[in-house]
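# Architecture at a glance
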Amino acid sequence: MDKYLICGLGNPGREYEGTRHNTGFMVLDAFAKASNIVFEDKRYGFIAETTIKGRKIILLKPTTFMNLSGNAVRYWLNKENIDQNRLLVISDDVALPLGAFRLKGNGSNGGHNGLGHIQQLIGQNYARLRMGVGNDYPRGGQIDWVLGHYSEDDMKVLQPAIDLGVDIIKSFVLAGIDITMNQFNKLGKK
């Protein structure tokens, strides 16, 4: 059976719930809810599993904290013997406006510490879905911004992108990265 690892980046713990840096977790939570599955606390992360058309999907929310996300990704790729071509990492991105998103087959970490650590451990040949969180912060205020909580108004703008994120995961698993990029990237522009 083909297996896929879908990793949403974020930080564990109540104080980080609903923060911009946890947007990856939020997409996975939406996917799990839509799939009627629940996360279990396992090694290096919260794991939920489901299948779509004979393909196994493993959802991973690392508990390593953002800057060590690569430890969780590398562990679960190896444990489940999943090829890197079947890895999708979902992260927040301050370079994109709130509610925008971009799906890429590979590339740089764009200054994101979570993506940076994954890249250190497995290289940059893996798919990533970058969810825009905007950058309405003063110079030097990036850390406070990404660790800040979404407002209700923010969530109204972000929710459609989260819902599309659920569809992107399904398409990535069923149709592959190229078709999924062609189909969804035009919807992600703000």
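What this report covers is the structure whose coordinates are included nearby. Since the model is a prediction, treat every value here as computed from it, not as a measurement.

## Description of the packing of helix α1 (residues 23-35) against helix α5 (residues 152-175)
- Between α1 and α5, whose axes approach to 9 Å, the crossing angle comes to 65 degrees. As for how α1 packs across α5, the hand of that crossing is right-handed. Where α1 approaches α5, its residues Thr23, Met26, Val27, Leu28, Ala30, Phe31 and Ala34 are matched on the opposing element by Met155, Leu158, Ile162, Gly165, Val166, Ile169 and Lys170.
- The residue inventory of the contact of α1 with α5, partitioned by class, reads 11 nonpolar, 2 polar and 1 charged.

## Quick look at the nonpolar core
- Counting residues in hydrophobic clusters, the biggest one holds 37 residues, and the most contacted among them are Ile6, Leu59, Leu88, Ile90, Leu129, Met131 and Ile169.
- The element contributing the most residues to this core is α5, with 8 residues.

## Thoughts on the layout of surface pockets
- Size it by volume and the largest pocket reaches roughly 350 Å³.
- As for the largest pocket, its lining consists of 20 residues, of which His21, Gly111, His112, Asn113 and Gln142 are closest to the centre.
- For the lining of the largest pocket, the elements supplying multiple residues, two or more each, are β5 (87-93), α3 (113-122) and α4 (142-146).
- In terms of residue class, the lining of the largest pocket is made up of 7 nonpolar, 10 polar and 3 charged.

## With respect to the packing of aromatic side chains
- Summed over the entire model, instances satisfying the criterion amount to 5 aromatic pairs.
- Considering the side-chain rings of Tyr137 and Trp145, the 6.0 Å spacing of their centres and the 40 degrees angle between planes classify their relative orientation as tilted.
- Among the residues examined, Tyr137 registers a relative accessible area of 23% and is labelled partly exposed.
- The class of Trp145 is buried, set by a relative accessible area of 16%.

Basis of the calculations
- Residues numbered from 1 in each chain as written.
- Predicted model: local features only at pLDDT ≥ 70, side-chain atom pairs only at ≥ 80, totals over all residues.
- Heavy atoms only, no water.
- Axes fitted to C-alpha atoms, helices over the stretch in contact; angles between N-to-C directions.
- Helix = DSSP H or I, 4+ residues; strand = E, 2+ residues; numbered from the N terminus.
- Left-handed = near helix turned anticlockwise from the far one by under 90°.
- Contact = heavy atoms within 4.5 Å.
- Nonpolar A, V, L, I, M, F, W, Y, C, P; charged D, E, K, R; others polar.
- Core = buried A, V, L, I, M, F, W, Y, C linked by side-chain atoms within 4.5 Å.
- Buried < 20%, exposed > 50% of the residue type's maximum accessible area, 1.4 Å probe, protein only.
- 1 Å grid on protein atoms, 1.4 Å probe; cavity = no way out; pocket = protein on both sides within 12 Å on 5 of 7 lines; lining within 4 Å.
- Points joined across faces, edges and corners; volume = space filled by probe spheres on them.
- Phe/Tyr/Trp six-rings, centres within 6.5 Å; stacked < 30°, edge-to-face > 60°.

The values are spatial; any link to function lies outside them.
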